[in-house]
Amino acid sequence: MGAKPVERIDHVIVRFAGDSGDGMQLTGDRFTSETALLGNDLATFPDFPAEIRAPAGSLPGVSGFQVHFADHDILTPGDRPSVLVAMNPAALKANLEDVPAGGTLIVNTDAFNERNLQKAGYETNPLEDGSLTSYHLHEVALTAMTIEALKGIEGVTSREAERSKNFFALGLMSWLYHRPVEGTLEFIQTKFGKRPEIAEANTRAFRAGYNYGETSEDFAVSYEVAPAKLAPGRYRQITGNTALSYGLIAASKLSKLPLFLGAYPITPASSILEELARFKNFGVITFQAEDEIAAAGAALGAAFGGALGVTTSAGPGVVLKAETIGLGVALELPLLMLNIQRAGPSTGMPTKPEQADLLMVLFGRNSESPVPVIAASTPSQCFHAAIEAARIALKYRTPVYLLSDAYLANGSEPWLIPDVSTLPDISTEFATKPNEGDEFHPYKRDPETLARPWAVPGTPGLEHRIGGLEKADGTGSISYDPDNHDLMVRLRARKIAGIAADIPLLEVDDPDGEATTLVLGWGSTYGPIGAAVRNVRAEGRKVARAHLHYLNPFPRNLGEVLRRYDKVLIPEMNLGQLALLIRAEFLVDAIGYNEVRGRPFQSSDLADAIAALIEA
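On a predicted model such as this, the values are computed, not experimentally measured, just so you know.

**Q** Which residues make up helix H14 (residues 381-396), and what are the values?
**A** Taking 1.5 Å of rise per residue, 16 residues should cover 22 Å, and H14 covers 23 Å from first to last C-alpha, within 8% of that figure. For H14, the buried fraction is high: 14 of the 16 residues fall into the buried class. Arg397, located one to two residues past H14, shows a positive phi value of around 50°.

**Q** Provide a residue-level description of the packing of helix H17 (residues 526-538) against helix H20 (residues 603-615), including the pertinent values.
**A** Between H17 and H20, the least distance of the axes is 8 Å, while the angle of their chain directions is 55°. Between H17 and H20, the interaxial angle falls into the category oblique. By crossing handedness, the relation of H17 to H20 is classed as right-handed. Of the residues in H20, those in contact with Pro528, Ile529, Ala531, Ala532, Val533, Asn535 and Val536 of H17 are Ser603, Leu606, Ala607, Ile610, Ala611 and Ile614.

**Q** Outline the packing of helix H9 (residues 240-255) against H14, listing residues and values.
**A** Direction vectors running N to C along H9 and H14 enclose 40°, while the axes themselves pass 7 Å from each other. What the angle tells us is that H9 and H14 run oblique. In terms of crossing hand, the pair formed by H9 and H14 is right-handed. From H9, Gly240, Ala243, Leu244, Tyr246, Gly247, Leu248, Ala250, Ala251, Leu254 and Ser255 reach across to H14, where they touch Cys382, Phe383, Ala386, Ile387, Ala390 and Leu394. Classifying every residue of the contact of H9 with H14 gives 13 nonpolar, 3 polar and no charged.

**Q** Which residues make up the pairing of strand S4 (residues 62-70), and what values go with them?
**A** Across the 9 residues that make up S4, a large majority, 9, are buried. Alternating residues of S4 divide into Val62, Gly64, Gln66, His68 and Ala70 and Ser63, Phe65, Val67 and Phe69, and every residue in both groups is buried. Relative to S4, strand S2 (residues 11-19) runs antiparallel, the two sharing 9 bridges. Across the sheet, the residue bridging to Gly18 is Ser63, located in S4. As paired strands, strand S3 (residues 41-47) and S4 are joined by 7 bridges and run antiparallel to one another. The residue bridging Phe45 from the neighbouring strand is Gln66, located in S4.

**Q** For the side chain of Glu160, give the residues involved together with the corresponding values.
**A** Among the structural elements, Glu160 can be located in helix H5 (residues 158-163). A polar contact of 3.0 Å, which involves the side chain of Glu160, links it to the backbone nitrogen of Thr157. A polar side-chain atom of Glu160 sits 2.9 Å from a polar atom in the side chain of Arg195. When residues no more than four places from it in sequence are discounted, the contact partners of Glu160 are Gly155, Arg195 and Ile198.

**Q** Tell me about the packing of aromatic side chains, residues and numbers included.
**A** Taken as a whole, this structure holds 16 aromatic pairs when the rule is applied. With 5.9 Å between their ring centres and 45° between their planes, Phe554 and Phe586 make a pair best called tilted. With a gap of 32 residues between them, Phe554 in the loop between strand S20 (550-552) and helix H18 (558-563) and Phe586 in helix H19 (residues 577-586) connect regions that are remote in the sequence. Note on accessibility: Phe554 and Phe586 belong to one class, buried. One aromatic cluster is present, built from ring pairs that chain together Phe16, Phe31, Phe69, Tyr177 and Tyr223. Above the face of the Tyr122 ring, Lys93 is positioned so that its terminal group lies 5.1 Å from the ring centre. Of note, Lys191 hangs over the ring of Phe192, and the distance from its end group to the ring centre comes to 6.0 Å.

**Q** Describe the nonpolar core, with residues and values.
**A** Counting 91 residues, the largest nonpolar core has Leu336, Leu520, Leu551, Leu578 and Ile582 as its most contacted members. Per-element accounting of this core gives the leading share, 11 residues, to H14. The residues contacting Ile582, other than those within four sequence positions of it, are Leu520, Phe554, Leu558, Leu562, Ile570, Leu587, Val588 and Ala590. One finds Val14, Val67, Leu170 and Ala205 within the second-largest nonpolar core, a separate group that totals 42 residues.

**Q** Report on the pattern of salt bridges, specifying residues and quantitative values.
**A** Counted under the stated rule, the structure contains 28 salt bridges. The residue Arg537 makes a salt bridge to Asp509 at a minimum N-O spacing of 3.0 Å. Of the two residues, Arg537 sits in helix H17 while Asp509 sits in strand S17 (residues 508-509), which places them 28 residues apart along the sequence. The class for Asp509 is partly exposed, based on a relative accessible area of 34%.

**Q** Break down the sheet that holds strand S21 (residues 567-572) for me, with residues and values.
**A** Taken in spatial order, the 5 strands line up as S17-S19-S18-S21-S22 in an open sheet, and their pairing is mixed. Each of the sheet's edge strands pairs with one partner strand only, and the pair in question is S17 and strand S22 (591-594). Two elements, strand S18 (residues 517-522) and S21, share 3 bridges in a ladder whose sense is parallel. Bridging from a neighbouring strand, Val519 pairs with Leu569 of S21. Sheet strands in contact with H17 are S17, S18, strand S19 (544-548) and S21, and its direction is about 175° off that of S19.

**Q** Report on the sheet that holds strand S11 (residues 285-288), specifying residues and quantitative values.
**A** Spatially, S11-S10-S12-S13-S15-S14-S20 is the arrangement adopted by the 7 strands of the open sheet, whose pairing is mixed. In the strand order of this sheet, the two ends are held by S11 and S20, each with one partner. Pairs of neighbouring strands in the sheet enclose a mean axial angle of 20°, with direction left out of account. One ladder, built from 7 bridges, connects strand S13 (residues 335-341) with strand S15 (residues 399-405); its direction is parallel. The residue of S15 that forms the bridge with Met337 is Tyr401. Set on the sheet, H14 makes contact with strand S12 (308-313), S13, strand S14 (373-375), S15 and S20; between it and S15 the angle comes to about 165°.

Conventions adopted
- Residues numbered from 1 in each chain as written.
- Predicted model: local features only at pLDDT ≥ 70, side-chain atom pairs only at ≥ 80, totals over all residues.
- Heavy atoms only, no water.
- Helix = DSSP H or I, 4+ residues; strand = E, 2+ residues; numbered from the N terminus.
- Expected span 1.5 Å × (residues − 1).
- Buried < 20%, exposed > 50% of the residue type's maximum accessible area, 1.4 Å probe, protein only.
- Axes fitted to C-alpha atoms, helices over the stretch in contact; angles between N-to-C directions.
- Parallel < 35°, antiparallel > 145°, perpendicular 65-115°, else oblique.
- Left-handed = near helix turned anticlockwise from the far one by under 90°.
- Contact = heavy atoms within 4.5 Å.
- Nonpolar A, V, L, I, M, F, W, Y, C, P; charged D, E, K, R; others polar.
- Pairing = 2+ DSSP bridges.
- Polar contact = N/O pair within 3.5 Å; in protein donor to acceptor, adjacent residues only side chain to side chain.
- Phe/Tyr/Trp six-rings, centres within 6.5 Å; stacked < 30°, edge-to-face > 60°.
- Lys NZ or Arg CZ within 6 Å of the ring centre and 35° of its normal.
- Core = buried A, V, L, I, M, F, W, Y, C linked by side-chain atoms within 4.5 Å.
- Salt bridge = Lys/Arg side-chain N within 4 Å of Asp/Glu carboxyl O.

Nothing here speaks to function; it is all geometry.
Here's what the structure looks like:
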């Protein structure tokens, strides 16, 4: 048989879906890694259940991984998969509505038995009842062919042989889209090296899947997506949480301070703790506390001791840390609080994204206790967001909230590794001597930043009072004086408000300056908004966009930007929290576009909303 034809396409969206024990996250991650090595632009969206092990074959147990790759710049993991690899009936049922008519389905026929169909809620077998005629259906006996390929490997049980079917699927998809294979083969040897028989099984399954694609008459064409024209430099694939971790390490080196992370495991923030624990060689100290309160207290204590103190969590844990953040406000010490938002309230949907903690981090403490709030916008931008949050915390001696979410935390994209020499110097100086004659006044402020001196405990002559009771201006003594309290409250507020002079102006993307509608976003809506705006402009409509990375204080030109446009649309994965703030502060009749579905916006839906507002 001659070589099969190769069709050139500019992009594709692939979704792997199966039971949570089928290795879909590993499969998607390997496919993504090889795609990154090939030089495509890409974006991913892992989507997995919150349960440690939902019942096998059930709809709640379905785990998915979507990757969008292209020969050009892309902004999202894609709205709807052009290819769905479904390992069982539940995976097909949970994901089919997302696949457009004409899309490709690759289905593991061995899993479509009566028991699995019943678990998924199918009354008839969709592979036989004609319900899939609008799709390009490929029925593949993934399990049986995997087991057959692994015959003769001593020490591999039948169950272990069946579990290798995800590598068969990965091999097939690697052939179908011309992905490199060397990296995956090396990965298998490294990951499963302690059990050579398992490494051999996965290698054989991967090669069998690749060969099946090459020889099967069911796959007549393979596809090629050329590398994207990205800015020159060295790239690596990175997730948001990994980028945050590296940004914190960079901030530690740039500030010349040891990094201390106090954390309690919580989805989706836990991988930051896990990642940083690997870098003791960089002087990183990680402390897994017994609870969220202890984690925050330890981080604030580390800041008091002269370290770059960091604590991480998600919504439920942030609630518990609120009192410690308030203490940090009163003590005026630098502290980084990373909130990797998830769907709530309460436990909610722990593995799903949401951006509904904005009002909580702004106001969720007792009394007047303002703190700066920064929001990351893409997985790779998390690196720079971490450095900037550290810069502000250190310079202004204040706790700082950095907001991410589950979408950014687990999603990945190519990251242009920065030249270290271009990163900012955020070094700070400790107090070393008295600052008021022969005395040390711990609350004597820098006239420009209003920051107080940072005195490391044990420095001779700089002993000072610590604790949550109100401090006297300058001396730091306990004070119940009404006028002093009013003064201290106002000074702390002025300090935070003054940061507006030290952050960039808001940039507006308005190509010809003729748009009358502005789309304003924050956080992980960056990609979907950008893709939607592209679609609207491609249809000939004019629309401007701007994205906020600084949510307290706002960029000092935000009011002027808002007044430039007749209509302002604010898409948020909440019920309108930024819109509420914009309306209150700038008296602008901002219109919200709000969804809280535990998944990112679909750019096509958002484009429709933008177009409708323009035409209204």
